[in-house]
Every structure is written in structure tokens, then in C-alpha cells.
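# Examining the three-dimensional arrangement
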Amino acid sequence: MLRLTTALPLLLSTALLASAVQAAPSVYPTGVTRYDPARAYNQYVIFSGADKQTHLIDMNGNEVKNWPQAGFPSAIIDPQLVGGERGRVLLQLKDKEPGPLGSAGNGLGNQSVGELDWNGKLVWQWGDQAPGGAAQQHHDQRRLSNGNTLVLANKVHKVAGFKVPQVIDDAIYEVSPEGQVKWQWLASEHLKEFGFTPAQLKLVYGTDNPDYLHINNLSVVGPNQWFDAGDKRFAPDNLLIDSRNANFIAILDKHSGKVVWRLGPNLSPINPKTAAKVPRPVDQFVGQHDAHIIPAGLPGAGHLLVFDNQGTAGYPSVPLGLIAGSRVLEIDPIKNQIVWQYSAASSRQPGWAFYSSFISSARRLPNGNTLIDEGMNGRFFQVTAGGEIVWEYVSPYLGKAPGSEAISNWVYRALPVSYDWVPQGTPRSETAVSVPDSGLKQAGI
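Per an unreviewed UniProt entry, the chain goes by the name ArsR family transcriptional regulator and belongs to Pseudomonas fluorescens.

A few words now on the overall build of the chain. Check the secondary structure of the chain and you find four helices and 28 strands. Computed over its C-alpha atoms, the radius of gyration of the chain comes to 21 Å, within 12% of the 22 Å expected for a compact globule of 445 residues. Each principal axis of the C-alpha atoms in the chain carries an extent, and together these give about 60 × 60 × 50 Å. Taking all 445 residues of the chain together, 55% fall into the buried category. Partitioning the intrachain contacts of the chain with sequence separation of at least 6 by distance along the chain shows that 59% fall at a separation of at least 24. Carbon and sulfur atoms make up 55% of the accessible area of the chain, which totals about 19,000 Å².

Turning next to the packing of aromatic side chains. Under the criterion given, the structure shown has 20 aromatic pairs. When the ring of Phe47 is compared with that of Phe380, the centres are 4.8 Å apart and the planes differ by 70 degrees; the resulting orientation is edge-to-face. Remark: Phe380 occurs in strand β24 (residues 379-383) and Phe47 occurs in strand β2 (residues 44-48); sequence separation between them is 333 residues. This pair shows no difference in class: Phe47 is buried, exactly as Phe380 is. Among the aromatic residues, ring-to-ring pairing joins Phe47, Phe380, Trp391, Tyr393 and Tyr397 into one connected group.

This brings us to the side chain of Gln284. Inspection of the secondary structure assignment puts Gln284 in the loop between β17 (280-281) and β18 (289-293). Among the polar contacts made by the side chain of Gln284, one reaches the main-chain amide nitrogen of Leu267 at a distance of 3.1 Å.

In this section: the nonpolar core. Within the largest apolar cluster, 30 residues are counted, with the highest numbers of intra-cluster contacts made by Phe47, Leu56, Trp67, Phe380 and Trp391. Of all the secondary-structure elements, those providing two or more residues to this core are β1 (31-35), β2, β3 (54-57), β4 (63-67), β6 (89-95), β25 (389-394) and β28 (414-417). Among the elements that line this core, the one with the most residues is β2, at four residues. Discounting residues that sit within four places of it in the chain, Phe47 has contacts with Gln53, Thr54, His55, Ile57, Ser74, Phe380, Tyr393, Ser395, Tyr397, Val411, Arg413 and Ala414. Counting 28 residues, the second largest nonpolar core, distinct from the first, contains Trp185, Leu239, Ala250 and Leu252.

Look at any regular strand and the pattern is simple: side chains alternate between the two faces of the sheet. The element strand β14 (residues 239-243) is largely enclosed, with a buried count of five among its five residues. Both faces of β14 are covered, namely the face carrying Leu239, Ile241 and Ser243 and the face carrying Leu240 and Asp242. Where strand β13 (residues 215-220) lies against β14, five bridges are found, and the strand directions are antiparallel. Looking at β14, one finds that Ile215 is bridged to Ser243. With five bridges joining them, β14 and strand β15 (residues 248-252) adopt antiparallel strand pairing. Bridged to Leu240 within β15 is Ile251. Once β14 ends, the chain turns through four residues before running back antiparallel as β15, passing Asn247 with a positive phi of about 60 degrees.

Here we take up the pattern of salt bridges. One pass over the full model with this rule turns up 18 salt bridges. Residues Asp231 and Arg233 are paired through a salt bridge, measuring 2.8 Å at the closest nitrogen-oxygen approach. Among the residues examined, Arg233 registers a relative accessible area of 30% and is labelled partly exposed. Residues joined by salt bridges that share partners form a network here, namely Asp140, Arg142, Asp290, Arg363 and Arg413.

The strand order across the open sheet formed by five strands is β17-β21-β20-β19-β18, and the pairing between neighbours is antiparallel. Two strands bound the open sheet, and with one partner strand each, they are β17 and β18. Two elements, strand β19 (residues 304-308) and strand β20 (residues 327-332), share five bridges in a ladder whose sense is antiparallel. From the neighbouring strand, Val306 faces β20, where its bridge partner is Leu329.

Turning our eyes to something else, we now look at the sheet that holds strand β8 (residues 122-126). Spatially, four strands are ordered β5-β6-β7-β8 in an open sheet, and the strand pairing comes out antiparallel. Edge positions in the sheet fall to β5 (75-76) and β8, since each has one partner strand and no second. Bridge count for β5 against β6 is two bridges, and the pairing is antiparallel. Bridging from a neighbouring strand, Ala75 pairs with Leu90 of β6.

For strand β23 (residues 370-374), the tally of buried residues reaches five of five residues, placing the bulk of the element in the interior. Alternating positions in β23 separate into two faces, Thr370, Ile372 and Glu374 on one and Leu371 and Asp373 on the other, with burial throughout. With four bridges joining them, strand β22 (residues 361-364) and β23 adopt antiparallel strand pairing. Bridge pairing links Ala362 to Ile372 in β23. Alignment of β23 against β24, held across five bridges, turns out to be antiparallel. When the sheet's bridge partners are listed, Ile372 is paired in β24 with Phe381. Between the end of β23 and the start of β24, which pair antiparallel, lie four residues, with Gly378 showing a positive phi angle near 60 degrees.

Those residues of helix α2 (residues 198-206) that fall on the buried side of the exposure criterion are Gln200, Leu201 and Val204. All buried residues of α2 fall inside an arc of 100 degrees around its axis, so they share one side. Facing away from the buried side of α2 by over 90 degrees, the exposed positions are Pro198, Ala199 and Lys202.

Rules and cut-offs
Residues numbered from 1 in each chain as written. Predicted model: local features only at pLDDT ≥ 70, side-chain atom pairs only at ≥ 80, totals over all residues. Heavy atoms only, no water. Helix = DSSP H or I, 4+ residues; strand = E, 2+ residues; numbered from the N terminus. Rg over C-alpha atoms; globule rule 2.2 N^0.38 Å. Buried < 20%, exposed > 50% of the residue type's maximum accessible area, 1.4 Å probe, protein only. Contact = heavy atoms within 4.5 Å. Areas by Shrake-Rupley, 256 points an atom, 1.4 Å probe, with all protein chains shown as cover. Phe/Tyr/Trp six-rings, centres within 6.5 Å; stacked < 30°, edge-to-face > 60°. Polar contact = N/O pair within 3.5 Å; in protein donor to acceptor, adjacent residues only side chain to side chain. Core = buried A, V, L, I, M, F, W, Y, C linked by side-chain atoms within 4.5 Å. Pairing = 2+ DSSP bridges. Salt bridge = Lys/Arg side-chain N within 4 Å of Asp/Glu carboxyl O. Arc of directions from axis to C-beta.

Written out as C-alpha cells, the structure reads:
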């Protein structure tokens, strides 16, 4: 992969960006564009569309359930945590005036979050009891095994040393069913634990962007072989976060709140000569999303899976490839090695054929496939371990693009949903969809 250096004229990079903006077709197919039922993992997929509604689709793209609320993201609840009841979700329920610092990329416009059942009935809600009187949730919320709910939120306040008068800080709240905050964490209290050099920390404090870290992911580590072997950093109740704006992934000790494991922000540049070889040391991810430990029982369990956007980010901003794309990386968190990856080249496509500079997600499936959301294009697809695309879907649900009046089908995150999560009798279809272009078939794509 070529690297963009400061020696290249600004005019060249600007021209390339302009051509990229004009590269998208004005008309394109939506729905399921290809599907091999024998090689795909058959399931439902849930996502909140650009239309601000939450959709559950089957393998042929049929909407089998709709909730007229959005999630940032939509989150499913394990039936075992709610007395066996199927089909419960966590969504954003009410908006608020975001104020002067609010934007589509933070939670300042969110008043409340809550739990809905399959029929849309409100089961639980949290917002008015939150610090500051609003949930201000963004990017993640998770139901815990103890019945509490983890909420990733924003807090606007003054932090000593920052150039901006107030920062949009990232906060984590563990909330009881009664709405009480039982545990909380604030990013600004741990700045020296995130791996910044003194020079980088000076840039963090001096940034003009109040959303200085933009933490976009919160997950629970979960049971894993590293903890079973005695590595307490990977305690199942510890939390994993990643910062889009600062290019790091970290595990937080649930009891002390301190960072006990970290990857980034300063990694080796991508070497074009070794970029396709695995295993290899982790090279520079940029603006990443959806970092999590692959759950026990799935292929690759215990490894870290992350969507590496290769979108502009960092202190200072990391140089990007001249002709580049996004990647999905599976990482051994003990050896800090990439052990599997997906890029467009894995499917015999040019690098730019798979790219989302922001949002997006990737999840491992029980048969070894990986479900990928190329978020800014509203495209989800399953790839085999060898990189073959065996299912592909393009969201038809349109709405305003983040921070813009433009119309888009963007999707922040798409999650796999097993057939036994829904109530019995929920319809589904598994009819093969052939690739229409015989040229693609002949090329093996």
C-alpha cells in the first residue's frame, strides 16, 4: 500500500479526493445482490438505517420486523437475561436539543435510551435520571448479566489544560434497572494511560475539536482463554474501548478504571511488501471501529476483531495511503500480531473497492465467516476465511448523511442475529441469489 507523504503536492491529493467524491454512481442496486445459502451463515441481521428506524432482515433482505426508533447502534438483548423472552432491543427513544457542540457523531442530541419488546412495548427507559438530566448515549449500550445496562455517553464540561473552554468527554455509566448509576468512568481522568507521547499529549490538549477522543465502541471482554491462563488484564468483566480520533484500543479494569492493556496509538506504518502476510506485527490502524474480543465458542475466540477504517485520525493525523481501502483485522492480543485480515484484495478487487472512512463494523460468525458493514455505503456482506463474498446486501433505507443535507443509505453498525433470538414462527427466506454479471463469475469474484 502506497503512503501519502508531505512531499506530495497538496494539489494532487485534493484532486484525488475530488475525483473520489464524484466516483459513486447515481443509481445502484439495493437489497440482496448475491447469496450462496450453502456457504453463507444463515441468520437475521439487525441495523438502524439512515431513515432512523431499526430493521431486522432475513437472508433475502426481507424486513421481518421494524421498530420505528433508531439505535446508535441498535443492540439486541440475550433472551437469557430477560427470562427467556425473545426479541428485546435497546434503542434511543427520545431526542433533545443538542446545543452548540452537538453533531451527528456524538450523543448530545439524545435524551433517553431504553428497552423495547418484540411488539415495541416500552420495558425500561433511562434519561431523566442520568447525570445532567439526559442519557446523551452514543455508539454503544449493552445489557449485562447482572441486569444492569452499560451506557457509553458524553459529558460536556471544562477540563483543566485544554485549549477549548469545554470538552465533549466520553463517559461510561453502569445503570441499574431502577435507573441508578452504580459505576462510572470518565476518559479525561485517564489521559496519561492512553499511550500518548509528551508531544502528542500537547496536541491533545491544544486541539480545536472538543470531541478530542471520540470513543466509538464499548464492549465487555467476556470469558476467554487468556484470563483462564492467569492473565488478569482480560478479566471477563473488564471493558474494551476504542478511540476513533486518537487511534488506540484499550481494556479498562472494571474495578480501578485504569487502562490495563492497550494497542496504539503509535504503530509501525503499513509496509506494502508485507501488508498481505499473516501473521505479522500489528501495523497502523486509523479511525477504527467496533473493536471487541471474539466471544468464546466462535472461530478465533479470544482474538481482537476490529474494522480498520483507514480514515483520517491521530495526533498528529496519520498519513494515509494514496490509493487505499479499509481493512478488517483479527489480532492476537497477547502477541500483538495480525493473524487474519480482510481487504478488497482478499476478494480479488482493487483496494478502493472496500472503503468506509467512518462508522462500520465486523462480527465473526459460527461457521468462520465474518459479517462486515461497510457503513458509509450501507453495504453489508459475509466473507469466508479465504475472502470469498457469499452474501451481500445494500440498504435501501435513505436519510440525511451525518452532518449534511445530502441523502445517503449509511449504516453505523450491522449485527448478526441468530434464528433463535426471535419469537417462534417469525418468517424467513433462504433463496439463492446468483451474481448477475457473468464476467464477474468468470473472474472468480
